[in-house]
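Analysis of the macromolecular model
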Amino acid sequence: MKNFGLDIWSNKNFIIEDGQIKLNYKSMPSLLQIVEKIRSDDVRGPILLRFPHLIRRQIKTLYSYFDKAIEDNNYKGKFNAVFPLKVNQFPFAVEAITTQGAQYNYGLEAGSKAELILAMSKTSKGANITVNGFKDKEMITLGFIAAQSGHNITIIIEGLGELETILEVADECNLKVPNIGIRVRLHSAGSGIWAKSGGMDAKFGLTSTEIIEAITLLRKADLLDSLGMIHFHIGSQMSDIAPLKKALREAGNIYAELRKMGATELNSINIGGGLAVEYDQHTHSNSRNYSIDEFSSSVVFLLGEIMNAKNVKHPDIFTESGRFIVASHAVLITPVLELFTQDYQEKLLNFKSVNPPLLEELMDLNRLLNNANCIEYLHDALDHMESLFTLFDLGYIDLQDRSNAEILVHNIIKKALYLKFSNPTDELEQLQVKLQERYLINASIFQSLPDYWGLGQHFPVMPLHHLNTVPLRAASLWDITCDSDGEIAFNPDKPLYLHDVNLDEEDYFLGFFNVGAYQETLGMNHNLFTHPNEYTIEIDENSYEIKNTVESKSILDILESIGYDAGEVSNKLKKDISSSSFITEKEKNDTLAKLELFLKQNGYLRTTN
Ligand SMILES: *Cc1c(COP(=O)(O)O)cnc(C)c1O
């Protein structure tokens, strides 16, 4: 995996220069530099960095590809997009989305009452709001309130019951009727691990019979003119474009049929989300088989073709891509706290004045190993080690000799790996996997990478520095929860190699990329770890600015959030110290001060790293 697959997943958002990973934008700060600046303020634990320029880049990409496809295909409808809030509802993500999207009239999509309230408070007039998901009368009434307040809102019905409620509310109040959309239950299904949203057995949408019924109901209520949109969503992270094309044909024909049935104000097709993000670090298993170019031209071309054949007005095209817009904007940085097998360090060698002859030979092998003799010497070393183990078992050498032998052989393997890294033998590769190192990261996978825990979703990971040396340690990553699922195991099919670092002498940071979609709200407080400290990084021509700090919750706050009385907890702890015996008043006061400080910090580890 050259350069940690940067060419595959990073979309040129990052580059490697001077051994560090840098933002490939304007003044090009390195991630390490940003992290060190933040940590100089006594911040420890994991850090989440948001880069608004990467959101802008994705919004611009989406709009420009669709606009280009529209022009190329002489398509008559317009392109519109909304951001589905469920993908990231956090304030500084939404702020970046709405700010960066303002020039495009980029809107918001809501899937629950809380999201709808958020959308109503954050969408500028003129931009669209779409509403999906199951709705009750209250939620539908909120839609009327939004329309009355001047929002361009479309309520997309998931079933006939919702339509009946809309008609009821319309009947009962004088508020402006929102646009109505119909989610169609597709015959075709999606692809990828999230593909549960399409197909005959899908959770959402109206069957053709129900759609006809809906038209009848609307016509009877004299509201057919409110029907503006046909919608489908075939599931997130579409790996294959074929199911989308099928869905488009289906939805396109339904649109055309409904226009012919008299739905004259029906003017949009909303193709939902699902546009995939490349998470892969290894060429052989890309996450998707299409580009944004192919995606946008396929959509525009197919819809144009269907409408031309049926002689129907070209619909405006809506997308609700979420993952594609925000995944890249957030990077999780975690310090490495420990390498578990750091005990095999050369500095721990402790030779005697006279050493066993086999050990002397190992010393020579270690000293004289070079590119030409490396495989032969490696075999000799492995053979000697076996013999030395036997000698130890028989009582001929002591523990110090054995320790020296183990360190030397580890070193010889590491040197051989280094010399042959561009062309390792099978044997070397196997040894490399065996020499697997466990890197303890100061973070919680449950909190910060829940899709890894729940779905096995891989996120690109790489160190922030040392990038001009070849990493040779097969790495598994362990988080600091005490749960054995908090581990990203070494996977020989998608191997991760990291550097051998001495954490007593330097910090080592790992970055997890493309974590801006879904991970934040799905993250859970397992072991009572809270969200990481969060920062928005605005980069300009000459420098960068760190803004919008959100500190992770303190230990007391997190206890409070799950229902404890924080005051009671802290009073109890303080009382126990105050009334304890055998320490001086000064010691008591010092201890109380420490306790006070600990309770105000978050629960991540605060070792120097
Ligand atoms: C989740 C969802 C989306 C967003 O999907 P992405 O894969 O993140 O683009 C869009 N529309 C609907 C209806 C959804 O449920």
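Not measured: the values here are computed from a predicted model.

For the chain, the count of helices and strands is 21 helices and 20 strands. The dimensions of the chain, computed from C-alpha atoms along their principal axes, are 100 × 70 × 50 Å. Counting the 609 residues in the chain, one finds 52% classified as buried. Of the contacts formed within the chain by residues at least 6 apart in sequence, a portion of 76% connects residues at least 24 apart. Working note: accessible area of the chain is about 27,200 Å², and carbon and sulfur atoms make up 50% of it. Between the centroid of the 57 positive side chains of the chain and the centroid of its 81 negative side chains there is a distance of 6 Å.

Here the focus is helix α21 (residues 585–600). Along an α-helix, a turn takes 3.6 residues, which lines up residues three or four apart on a common side. The end-to-end C-alpha distance of α21, which contains 16 residues, comes to 23 Å, matching closely the 22 Å that a straight helix rising 1.5 Å per residue would cover. Along α21, the positions that sit buried rather than exposed are K588, L595 and L599. Mapping the buried residues of α21 onto a view down its axis gives an arc of 30°, with all of them on the same face. Looking at α21, the residues exposed on the side facing more than 90 degrees away from the buried face are K586, K594 and K600.

What follows is about the nonpolar core. Of all hydrophobic cores here, the largest spans 139 residues; its most connected members are F14, L31, L49, F51, L227, F232 and F512. For L31, the contacting residues outside a window of four places in its chain are F14, I21, L23, L49, F51, V331, L464 and F513. Judged by nonpolar contacts, the second largest core, of 24 residues, contains L349, L365, I407 and L408.

Let us now look at the domain arrangement of the chain. Here the chain is partitioned into domain 1 (53–276 + 285–326), domain 2 (342–433) and domain 3 (556–599). Distance between the C-alpha centres of domain 1 and domain 3: 53 Å.

What follows concerns helix α15 (residues 426–434). Buried residues of α15: L428, L431 and Q432, and no others. Buried residues along α15 cover an arc of 105° about the axis, so they all sit on one side. Turned more than 90 degrees away from the buried face of α15, the exposed residues are D426, Q430 and K434.

Once that is clear, we can look at a negative patch on the surface. Together, D557, E560, D565 and E568 line one region of the surface with negative charge. Take D557: its relative accessible area is 43%, and that puts it in the partly exposed class.

On to the environment of L556. Note on placement: L556 falls in helix α19 (residues 555–561). As for L556 and A566, which are separated by 10 residues in sequence, their C-alpha atoms are 5.5 Å apart. Ignoring anything within four residues of it in the chain, the contact list for L556 reads A566, V569, S570 and L599.

Moving on to the pattern of salt bridges. Opposite charge on two side chains permits pairing when their charged atoms draw close. Taken as a whole, this structure holds 28 salt bridges when the rule is applied. The shortest N-O distance in the salt bridge between E158 and R183 comes to 3.5 Å. Of this pair, E158 sits in the loop between β7 (152–157) and α7 (160–172) while R183 sits in strand β8 (residues 179–183), and the two are 25 residues apart along the sequence. For R183, a relative accessible area of 5% gives the class buried. Here D398 makes a salt bridge to K352, at a shortest N to O gap of 2.7 Å.

With that out of the way, let us pick up the packing of aromatic side chains. For the structure shown, the criterion picks out 17 aromatic pairs. Put simply, the rings of Y63, F66, F79, Y104, Y106, Y290 and F295 touch in pairs and so form one group of aromatic residues. Here R402 stacks its cationic end above the ring of F392, 5.0 Å away from the centre of that ring. Sitting above the plane of the W478 ring, R438 keeps its charged end 5.0 Å from the centroid.

On to the pairing of strand β20 (residues 544–550), then. The two faces of the sheet receive side chains in turn, since in a regular strand these alternate between them. As paired elements, strand β19 (residues 533–539) and β20 share 5 bridges and run antiparallel to each other. Residue pairing for β20: E534 is matched across the bridge by V550. Counted between consecutive antiparallel strands, the loop separating β19 from β20 contains 4 residues.

A separate point is empty space enclosed by the protein. Over the atoms a probe the size of a water molecule is rolled, and this reveals where empty space is left. What the rule picks out here adds up to 3 cavities of 30 Å³ or more. Roughly 130 Å³ of internal volume is contained in the largest cavity. Looking at the lining of the largest cavity, the elements that each hand over two or more residues are β3 (47–50), α16 (445–448) and α18 (519–522). Counted by class, the lining of the largest cavity contains 5 nonpolar, 4 polar and 3 charged residues. If you add up the space inside the second largest cavity, you get close to 50 Å³. Surrounding the second largest cavity, L449, Y452, H458, F459, V461, I488 and F512 form its lining. The residue inventory of the lining of the second largest cavity, partitioned by class, reads 6 nonpolar, 1 polar and no charged.

Definitions and limits used
- Residues numbered from 1 in each chain as written.
- Predicted model: local features only at pLDDT ≥ 70, side-chain atom pairs only at ≥ 80, totals over all residues.
- Heavy atoms only, no water.
- Helix = DSSP H or I, 4+ residues; strand = E, 2+ residues; numbered from the N terminus.
- Buried < 20%, exposed > 50% of the residue type's maximum accessible area, 1.4 Å probe, protein only.
- Contact = heavy atoms within 4.5 Å.
- Areas by Shrake-Rupley, 256 points an atom, 1.4 Å probe, with all protein chains shown as cover.
- Lys, Arg positive; Asp, Glu negative; His and termini not counted.
- Charge placed at Lys NZ, Arg CZ, Asp CG, Glu CD.
- Expected span 1.5 Å × (residues − 1).
- Arc of directions from axis to C-beta.
- Core = buried A, V, L, I, M, F, W, Y, C linked by side-chain atoms within 4.5 Å.
- Domains from an automatic or database assignment.
- Patch = residues over 30% accessible without salt bridge, like charges linked within 9 Å, V, L, I, M, F, W, Y side chains within 5 Å.
- Salt bridge = Lys/Arg side-chain N within 4 Å of Asp/Glu carboxyl O.
- Phe/Tyr/Trp six-rings, centres within 6.5 Å; stacked < 30°, edge-to-face > 60°.
- Lys NZ or Arg CZ within 6 Å of the ring centre and 35° of its normal.
- Pairing = 2+ DSSP bridges.
- 1 Å grid on protein atoms, 1.4 Å probe; cavity = no way out; pocket = protein on both sides within 12 Å on 5 of 7 lines; lining within 4 Å.
- Points joined across faces, edges and corners; volume = space filled by probe spheres on them.
- Nonpolar A, V, L, I, M, F, W, Y, C, P; charged D, E, K, R; others polar.

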